[in-house]
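Each chain, written out:
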Amino acid sequence: MRIAAALAVVFVVAASCGGTRNAASSSTPSPVPSPTATATSSAATATPTAAAGRSVEDVIAQIDEAKLVAHMNALVAVGSRDPRNPGHEKAAQYLRDQLKLVSGIATGMHQTVYQGITLQNILVTVSPPSGAQTSVDGAILICAHYDSTASRTPGWRPAVDPAPGADDNATGTAALLEMVRILAGERGSLRRPIVLAFFDGEELFFKGSAAYQQTLAGLAQPIRFGDVIDIDMVGFNPTADRLDLIWYTNGSAGLRDRVAAANDRYKVGVTPLNPQLATDASTILDAAPFGLAGIPAVALVERYGDPDATYPGNPAFHTTQDTPERVTNHRLWLKAAKLALATALEIARSG
Ligand SMILES: [Zn+2]
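Residues numbered from 1 in each chain as written. Predicted model: local features only at pLDDT ≥ 70, side-chain atom pairs only at ≥ 80, totals over all residues.

## Brief notes about the overall build of the chain
Check the secondary structure of the chain and you find ten helices and eight strands. In the chain, which comprises 351 residues, the share counted as buried stands at 56%. (Helix = DSSP H or I, 4+ residues; strand = E, 2+ residues; numbered from the N terminus. Buried ≥ 20, exposed ≤ 12 C-beta atoms within 10 Å, placed from the backbone.)

The structure is reproduced here in structure tokens:
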């Protein structure tokens with residue numbers, strides 16, 4: 001009940017003002033608006049008002065490379081985003097501050113503790129206009145982890161040593177911030193809500209996203225997302241504009257195909273886009289807990305896949321050398337953000 005009440009607070013703030021309000025300061029975990037709050041709000045609203053909106057091409061063209069770089073640099077500047085490091089809270093504060101600048105969204109938090117380590121997931125909901133579906137049951141989830149690690153550096157101490165995590169995953173986190181900014185202006189065209197999740201603890205084997213998924217599934221009225229798109233490590237590859245499209249179990253085949261179709265339809269230009277099936281949690285990405293729970297889930301990532309002519313591997317991965325200077329393929333970074341945004345927007349508009 002305590003969780004449900006907090007969820008209602010988050011939702012009411014969003015539905016009543018539609019402007020720059022933020023519930024992130026709530027001290028109670030608040031994963032998403034509750035079904036109860038949704039029903040109450042819907043009863044008080046008029047007819048659905050979802051409009052056509054701008055073309056997907058025009059929307060994804062708004063992703064700003066300079067903003068991506070600025071976000072990456074700010075996230076790296078905290079020193080480390082390992083949840084045991086003081087820099088982590090600075091990064092979380094940076095995200096909250098950036099989200100406060102965006103109108104028309106609802107921001108909440110979900111907190112969990114893993115082996116004594118507090119993990120903070122930050123959730124943003126972009127809801128359709130009043131009258132369209134406002135429950136996040138069936139919503140599209142776009143996610144990226146903002147924590148970092150340098151566990152491959154010998155002698156690395158999580159609480160005090162650097163973990164810049166520029167490619168992994170300030171690139172995805174920055175892309176998610178840009179998606180929030182742009183999607184907030186597209187609410188009028190949505191038929192389904194979009195939740196954007198800044199997950200914590202991915203480097204501890206996706207403990208933040210897994211706890212969030214379990215929280216939703218464990219509610220008196222369980223919440224299931226309709227589709228999940230994860231973005232993780234997308235700015236390094238110096239050889240090709242390649243991404244791997246990880247799809248979790250056969251239940252994600254339809255979403256996999258939809259991402260591939262969007263890459264073609266909107267001329268995003270990820271080449272090659274390599275589908276790879278994941279069937280268990282050994283493919284460690286935040287899409288995993290959702291996909292393995294039967295929710296269509298994919299991840300856009302350069303990390304997985306055998307090194308070959310189009311992917312030399314990122315030698316700085318999980319080391320203190322994962323710095324912004326090594327994130328040199330900004331074109332790929334833009335393409336990854338565009339592909340995630342185009343796919344999510346297309347689904348959210350189709351109802
Ligand atoms: Zn990562």
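Read on, since the account is not over.
## Here's the deal with helix α5 (residues 86-100)
The end-to-end C-alpha distance of α5 is 22 Å, a good match for the 21 Å that 15 residues give at a rise of 1.5 Å each. Among all positions in α5, only G87, H88, A91, A92, L95 and L99 are buried. Projected onto a plane normal to the axis of α5, the buried residues spread over an arc of 145° and lie on a single side. Seen from the buried face of α5, the exposed residues on the opposite side, beyond 90 degrees, are P86, Q93 and D97. (Expected span 1.5 Å × (residues − 1). Arc of directions from axis to C-beta.)

## Quick word on the packing of helix α4 (residues 65-77) against helix α6 (residues 166-183)
At a minimum axis separation of 8 Å, α4 and α6 run at an interaxial angle of 130°. When the axes of α4 and α6 are compared, the pair comes out oblique. Note on packing geometry: the crossing formed by α4 with α6 is right-handed. Listed contacts from α6 to K67, L68, H71, M72, L75 and V76 of α4 are A166, A170, T171, T173, A174, A175, L177 and E178. Class assignment of the residues belonging to the contact of α4 with α6 gives a composition of nine nonpolar, three polar and two charged. (Axes fitted to C-alpha atoms, helices over the stretch in contact; angles between N-to-C directions. Parallel < 35°, antiparallel > 145°, perpendicular 65-115°, else oblique. Left-handed = near helix turned anticlockwise from the far one by under 90°. Contact = placed C-beta atoms within 7 Å. Nonpolar A, V, L, I, M, F, W, Y, C, P; charged D, E, K, R; others polar.)

## Re the packing of α6 against helix α10 (residues 330-350)
Closest axis-to-axis distance for the α6/α10 pair is 10 Å, and the angle between their directions is 50°. One finds that α6 runs oblique with respect to α10. Like other packed secondary-structure pairs, α6 and α10 cross with a definite hand, here right-handed. Together, T171, A175, E178, M179 and I182 of α6 and W333, A336, A337, A340 and L341 of α10 make up the contact between the two elements.

## A word on unusual backbone geometry
Here the amide bond leading from D168 into N169 is cis, since omega sits at 5°, within 30 degrees of zero. With respect to the helices, strands and loops of the structure, N169 is situated in helix α6. In this structure, P272 follows T271 across a cis peptide bond, with omega equal to -5°. Relative to the helices and strands, P272 resides in the loop between α8 (253-265) and β7 (273-278).

## Quick word on the nonpolar core
Core analysis: the biggest nonpolar cluster contains 95 residues, and I142, M179, I194, A336, A340 and L341 have the highest contact counts within it. Discounting residues that sit within four places of it in the chain, I194 has contacts with V126, A139, I140, I142, L183, A344 and A348. (Core = buried A, V, L, I, M, F, W, Y, C linked by C-beta atoms within 7 Å.)

## Observations regarding the sheet that holds strand β3 (residues 140-145)
Read across the sheet, eight strands follow the order β1-β2-β4-β3-β5-β8-β6-β7 without closing on themselves; strand pairing throughout is mixed. Strands with a single pairing partner mark the edges of an open sheet, and in this sheet they are β1 (106-114) and β7. The mean inter-strand angle of the sheet, taken between neighbouring strand axes irrespective of direction, is 20°. The sheet contact formed by β3 and strand β4 (residues 194-199) spans six bridges and is parallel. Residue pairing for β4: L141 is matched across the bridge by V195. Each of β1, β2 (117-126) and β4 touches α5; the most contacted strand, β2, lies at about 15° to it. Contacts between α8 and the sheet are confined to β5 (227-232), β6 (243-248), β7 and β8 (297-301), with β6 contributing the most and set at about 155° to the helix. (Pairing = 2+ DSSP bridges.)

## Digging into the environment of I140
With respect to the helices and strands, I140 occurs in strand β3. Exposure remark for I140: the 25 C-beta atoms within 10 Å place this residue in the buried category. Separated by 85 residues in the primary sequence, I140 and F225 place their C-alpha atoms 6.0 Å from one another. In contact with I140, other than residues within four places in its own chain, are R192, I194, F225, G226, D227, A344, I347 and A348.

## Some points on the pairing of β1
Sheet topology places β1 next to β2; nine bridges connect them, and they run antiparallel. Looking at the pairing, T112 lines up with L119 of β2. What sits between β1 and β2 in their antiparallel hairpin is a turn of two residues, with Q115 showing a positive phi close to 50°.

## A short note on α10
Between the first and last C-alpha of α10 there are 30 Å, a value that for 21 residues agrees with the 30 Å anticipated at 1.5 Å per step. Counting buried residues in α10 gives 16 out of 21 residues, a clear majority hidden from the surface.

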